[in-house]
Amino acid sequence: MLEVKNLTFKHKGENREILREIIFTASPKEIITILGPNGAGKSTLFKCISGIWNDYEGEIRFQGERVDKFSFERRAKFFAIVPQEHEPPFSYSVLDVVLTGRASYIGLFSSPKREDYEKAEEALELVGIKHLKDKAYTKISGGERQLTLIARALVQEAPVLLLDEPTSHLDFRNQVIVLNTVKKLAKEKNLTVIMTLHDPNLASLFSDKIVVLKKGKVFHNGCPSEVIKKEILEKVYEIPIETLNNEKLTFVYPNLEI
Ligand SMILES: Nc1ncnc2c1ncn2[C@@H]1O[C@H](COP(=O)(O)OP(=O)(O)OP(=O)(O)O)[C@@H](O)[C@H]1O
């Protein structure tokens, strides 16, 4: 289990707390989505969990151990990260980028083995871009890069998958395919998934729990049916919102008379 306990964070030399007393837990097979307006602190929370920022109050623990004490290697073993943006310094092929996710298995002075290539191709197949494997990563679209990075995270075979706005460059079809794949993998491979999203409807469709942040604090935390509600989202996004309900889900949309 991943536990975030009373996490409070401010940048060095600044007085303003970007995150204040954040509390939530995430278990294997669960998808936790961090939802909230621009500037709410989603990426900062993500960076604290993934170890980019370590200088916080409170604790983040994985399987009982404090993650700020993890070595770089242990972090790579436990956390697979899909960042929002990634510019490789060289013109790697798509397959090579995915293979970098196997680094902790390959060893510093060795080359990838057949198993590593097989896993990389399997992951590319899973996210639907195996046909791009020999193309230069610098010459594919933003959405195709995002899919490549998701494949790279999958071959890492880490128990925690952290995705920062995984759908930001994806078309409608690929949003659904990628999030559905992540959901399937979470269940099949026992992964703990934490992601940030901007779309409450996608969050509702694909999450087990949603943590809503507003101004650095947890505004609400619960399963989609508890969180994706007119009264909560209107307070968080400060626009009038309407809902459509059926027995499976609540769909939210803006009331355009604003
Ligand atoms: N390096 C930094 N130094 C100081 N303040 C920062 C720094 N990076 C971000 N912030 C501030 O922290 C707050 C939270 O930013 P963060 O990027 O976590 O928000 P977010 O919810 O991910 O936003 P978005 O949805 O726009 O990506 C913002 O007010 C931002 O200005």
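Residues numbered from 1 in each chain as written. Predicted model: local features only at pLDDT ≥ 70, side-chain atom pairs only at ≥ 80, totals over all residues.

- Taking an unreviewed UniProt entry as the reference, the protein is identified by name as ABC transporter belonging to Caldimicrobium thiodismutans.
- Per UniProt, the protein carries the Sequence similarities (unreviewed entry) text "Belongs to the ABC transporter superfamily." (UniProt positions renumbered as here; feature names shortened; annotations may be inferred.)

**Some details on the site of the ligand**
Part 1: Around the ligand, the surrounding shell consists of H11, E14, I18, G36, N38, G39, A40, G41, K42, S43 and T44.
Part 2: For the shell around the ligand, the per-class residue count stands at two nonpolar, seven polar and two charged. (Near = placed C-beta within 6 Å. Nonpolar A, V, L, I, M, F, W, Y, C, P; charged D, E, K, R; others polar.)

**Brief notes about helix α1 (residues 42–50)**
Part 1: Among all positions in α1, only K42, T44, L45, F46, C48 and I49 are buried.
Part 2: In the stretch just after α1, G51 is the one whose phi turns positive, near 95°. (Buried ≥ 20, exposed ≤ 12 C-beta atoms within 10 Å, placed from the backbone. Helix = DSSP H or I, 4+ residues; strand = E, 2+ residues; numbered from the N terminus.)

**Considerations on the pairing of strand β4 (residues 57–62)**
Part 1: Strand direction decides the pairing type here: strand β1 (residues 2–9) and β4, joined by five bridges, are antiparallel. Bridge pairing in β4 places K5 opposite E59.
Part 2: The turn joining β4 and strand β5 (residues 65–66), which pair antiparallel and follow one another in sequence, is formed by two residues; a positive phi near 50° is taken by Q63. (Pairing = 2+ DSSP bridges.)

**What about the sheet that holds strand β9 (residues 209–214)?**
Part 1: The six strands lie next to each other as β6-β7-β8-β3-β9-β10, forming an open sheet whose pairing is mixed. The open sheet has two edge strands with one neighbour each: β6 (79–82) and β10 (217–222). With strand direction ignored, the average angle separating the axes of adjacent strands in the sheet is 15°.
Part 2: Where helix α7 (residues 172–188) meets the sheet, it contacts β3 (31–35), β7 (160–164) and β8 (192–197), and its direction lies at approximately 135° from that of β3. (Axes fitted to C-alpha atoms, helices over the stretch in contact; angles between N-to-C directions. Contact = placed C-beta atoms within 7 Å.)

**A short note on the environment of F251**
Part 1: Take F251: it is sitting in strand β12 (residues 250–254).
Part 2: The spacing of F251 and K230 is 21 residues in sequence and 9.9 Å in space, taken between C-alpha atoms.
Part 3: Residues contacting F251, with those up to four places away along its chain left out, are N201, T243 and L244.

**Let's talk about unusual backbone geometry**
Part 1: Not every positive phi belongs to a glycine, and E21 is a case in point at roughly 55°.
Part 2: Tracing the sequence through the fold places E21 in strand β2 (residues 19–26).
Part 3: Residue classification places E21 among the partly exposed positions, given that 14 C-beta atoms sit within 10 Å.

**Looking at the confidence of the model for the protein**
Part 1: Per-residue pLDDT for the protein has a mean of 91; in total, 98% of the residues score no lower than 70.
Part 2: Listed scores for the predicted complex are pTM 0.90 and ipTM 0.97. (pLDDT = per-residue confidence, 0-100.)

**Quick look at the sheet that holds β5**
Part 1: What the four strands build is an open sheet, ordered β2-β1-β4-β5; its pairing is antiparallel. Lying at the two open borders of the sheet, with one neighbouring strand each, are β2 and β5.
Part 2: The pairing of β4 with β5 spans two bridges and is classified as antiparallel. Pairing of F62 across the sheet is with E65, part of β5.

**A word on the packing of helix α6 (residues 142–155) against α7**
Part 1: Two elements in contact, α6 and α7, have axes separated by 12 Å at closest approach and are oriented at 5°. Here α7 runs roughly parallel to α6, going by the angle between their axes. Along the contact surface, α6 presents G143, L147, I150 and L154, while α7 presents N174, V178 and L185.
Part 2: Broken down by class, the residue content of the contact of α6 with α7 amounts to five nonpolar, two polar and no charged. (Parallel < 35°, antiparallel > 145°, perpendicular 65-115°, else oblique.)

**So, the nonpolar core**
Here is a general trend for soluble globular proteins: nonpolar side chains tend to be buried in one another's company.
Part 1: Judged by nonpolar contacts, the single largest core of 72 residues is most densely connected at V98, I150, A151, L161, L162 and V193.
Part 2: Counting residues per element, this core draws most heavily on α6, which supplies seven residues.
Part 3: Aside from chain neighbours lying at most four places away, what touches L162 is F46, I49, S50, F79, A80, I81, V82 and I194. (Core = buried A, V, L, I, M, F, W, Y, C linked by C-beta atoms within 7 Å.)

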